[in-house]
Amino acid sequence: MLSRGQRTRCLAPPIAVGAVVSVAISATATAHAQQFDIAASAKAAIIDQTNAYRQSKGLPPLSENETASRAAQAYANYLAETARGGHSADGRNPMQRLRAGGVKFCKFRGENWQMSWTRPARESSDAAMGAAMRFWKKSPGHERALRSRSNEIGVGVAGWRHGNQWYYQEIQVFIDTSCLKRTQTAAAQMEDQTPPLPDRKPVPSLPDRNLCDCRALEPWTPMR
């Protein structure tokens, strides 16, 4: 028989810098911890299911922000390896992690986190991702993040085995980058509309009598 456990949190702005939202999780010694591979289709499944849900609510789909996904993946790896949970388990909040990862955004809309484990056998990644999405849709806070006024998403999925427990960690970050795209579009339009500079006509030569011998002039000095 498969034993199952689950922990989830949703963090949406505003966030207090330095605030910690965490869950105390009992885990076996890290000496028995080992990472296991998760197919890339797991992350794609979360993005696809998120966009399908948004479409059902009449909302536009989200594009993956690869830089945000790298930041989310790094945090998911940390949580899975340490069997910890929460939005600030590494001492930083989601916005601090995104900025440290070089993610450019106009507004941070929220972060969804989910941890699940099974023992003694490992649950399939498809089943774990499906369970995460079902919970996020039913939880009011997580569901608001799914429907947030975002245009891009970052996703990280990681798995580690601790003793006889198999842990999955899933992270979603929602950001709005529309102001950056408007700035880029405006700059491109201004460049296209810049009129060409007129060709310069050569300055006609002046007669010699109008030329001055500047070497004969005394340097200017302030009056005392």
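Computed from a predicted structure; not experimentally measured.

## Section: the pairing of strand S8 (residues 165-176)
Along S8, 12 of the 12 residues are buried, which leaves the element largely enclosed by surrounding structure. Burial of S8 is two-sided: the residues Gln 165, Tyr 167, Gln 169, Ile 171, Val 173 and Ile 175 facing one way and the residues Trp 166, Tyr 168, Glu 170, Gln 172, Phe 174 and Asp 176 facing the other way are all buried. Inspection of the sheet shows strand S6 (residues 107-119) paired to S8 by 11 bridges, in the antiparallel sense. Opposite Met 115, over in S8, you have Gln 169 as the bridge partner. Relative to S8, strand S7 (residues 152-162) runs antiparallel, the two being bridged by 11 bridges. Across the sheet, the residue bridging to Ile 153 is Phe 174, located in S8. Once S7 ends, the chain turns through two residues before running back antiparallel as S8, passing Gly 163 with a positive phi of about 65 degrees.

## Observations regarding helix H4 (residues 125-138)
Between the first and last C-alpha of H4 there are 20 Å, a value that for 14 residues agrees with the 20 Å anticipated at 1.5 Å per step. Within the sequence span of H4, burial applies to Ser 125, Ala 128, Met 129, Gly 130, Ala 131, Ala 132, Met 133 and Trp 136. On the buried face of H4, the contacting elements are helix H1 (40-56), S6, helix H5 (140-146), S7 and S8.

## Some details on the nonpolar core
The biggest cluster of nonpolar side chains holds 24 residues, and the ones touching the most others in it are Leu 98, Phe 105, Ile 171 and Ile 175. Here the element with the most residues in this core is helix H2 (residues 66-82); it accounts for seven residues. Once residues lying within four places of it in the same chain are set aside, the contact partners of Phe 105 are Met 95, Leu 98, Arg 99, Ile 175, Asp 176, Thr 177 and Leu 180. Counting 19 residues, the second largest nonpolar core, distinct from the first, contains Tyr 53, Trp 136, Ile 153 and Trp 166.

## Section: H2
Over its 17 residues, H2 runs 24 Å from end to end, which matches the ideal 24 Å to within 8%, given 1.5 Å per residue. The complete set of buried residues in H2 reads Ala 68, Ser 69, Ala 71, Ala 72, Tyr 75, Ala 76, Leu 79 and Ala 80. Angular distribution of buried residues about the axis of H2 spans 165 degrees; they occupy a single face of the element. For H2, the exposed residues lying more than 90 degrees away from the buried face are Glu 66 and Arg 70. At the N-terminal end of H2, a side-chain oxygen is found 3.1 Å from the backbone nitrogen of Thr 67, two or three residues along, and the residue is Asn 65. Looking one or two residues past H2, Ala 83 carries a phi angle of roughly 55 degrees, positive in sign.

Conventions adopted
- Residues numbered from 1 in each chain as written.
- Predicted model: local features only at pLDDT ≥ 70, side-chain atom pairs only at ≥ 80, totals over all residues.
- Heavy atoms only, no water.
- Buried < 20%, exposed > 50% of the residue type's maximum accessible area, 1.4 Å probe, protein only.
- Helix = DSSP H or I, 4+ residues; strand = E, 2+ residues; numbered from the N terminus.
- Pairing = 2+ DSSP bridges.
- Expected span 1.5 Å × (residues − 1).
- Contact = heavy atoms within 4.5 Å.
- Core = buried A, V, L, I, M, F, W, Y, C linked by side-chain atoms within 4.5 Å.
- Arc of directions from axis to C-beta.
- Polar contact = N/O pair within 3.5 Å; in protein donor to acceptor, adjacent residues only side chain to side chain.

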